[in-house]
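Architecture and fold: a report
Listed below, chain by chain, are the residues.
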Amino acid sequence: MNKIEALSKIKLALNGHAQVITPKGETYENYVEKLKLNLLDHIIDPVKVTVVSTCADNGDFDKYKKSNVWAIAKSKFGWLLTLENENEFALAFGDDPNKIMMHGFSSPDVLAEWCS
């Protein structure tokens with residue numbers, strides 16, 4: 001996966017309704033637009049990662065530890081992961097791409113995952 005493919009995948013996923021909680025005093029539309037811009041500012045050259053643990057039981061850990069997983073965005077809070085040939089995203093943590101801990105769950109809702 002390259003950066004252009006990662007950007008394409010993210011932009012395609014941004015076309016749906018995001019399941020995010022709108023802060024008091026903001027409209028859903030304005031908040032989602034801010035989140036989109038934030039995510040697009042944090043896209044990286046994809047890095048193949050190894051998911052070794054999870055924060056939550058009964059999540060999607062098994063799927064991620066057995067798949068080709070790419071980190072496609074990074075902030076000081078964590079990594080945005082995606083499965084190579086699926087429209088799935090997950091939030092993860094760690095400094096070493098070979099030892100990533102995922103939040104636990106994944107979905108096609110890229111903004112919800114990025115902001116979880």
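Residues numbered from 1 in each chain as written. Predicted model: local features only at pLDDT ≥ 70, side-chain atom pairs only at ≥ 80, totals over all residues. Heavy atoms only, no water.

**Side note on the sheet that holds strand β4 (residues 78-83)**
Note: strands within a sheet are paired through backbone hydrogen bonds, in either parallel or antiparallel orientation. Sheet architecture is open: six strands sit in the order β1-β3-β4-β5-β6-β2, paired in mixed fashion. Here the strands that pair on one side only, and so sit at the sheet edges, are β1 (43-49) and β2 (51-54). Neighbour to neighbour, the strand axes of the sheet diverge by 40° on average, direction disregarded. In this fold helix α1 (residues 3-13) packs onto β1, β3 (69-75), β4 and β5 (89-93), with an angle of close to 105° to the strand it touches most, β1. (Pairing = 2+ DSSP bridges. Helix = DSSP H or I, 4+ residues; strand = E, 2+ residues; numbered from the N terminus. Axes fitted to C-alpha atoms, helices over the stretch in contact; angles between N-to-C directions. Contact = heavy atoms within 4.5 Å.)

**Observations concerning the packing of aromatic side chains**
A full pass over the atoms with the stated rule returns zero aromatic pairs. Cation over ring: K9 sits above F89, and NZ or CZ is 5.9 Å from the ring centre. Against the face of W79 rests K74, its NZ or CZ located 4.7 Å from the ring centre. (Phe/Tyr/Trp six-rings, centres within 6.5 Å; stacked < 30°, edge-to-face > 60°. Lys NZ or Arg CZ within 6 Å of the ring centre and 35° of its normal.)

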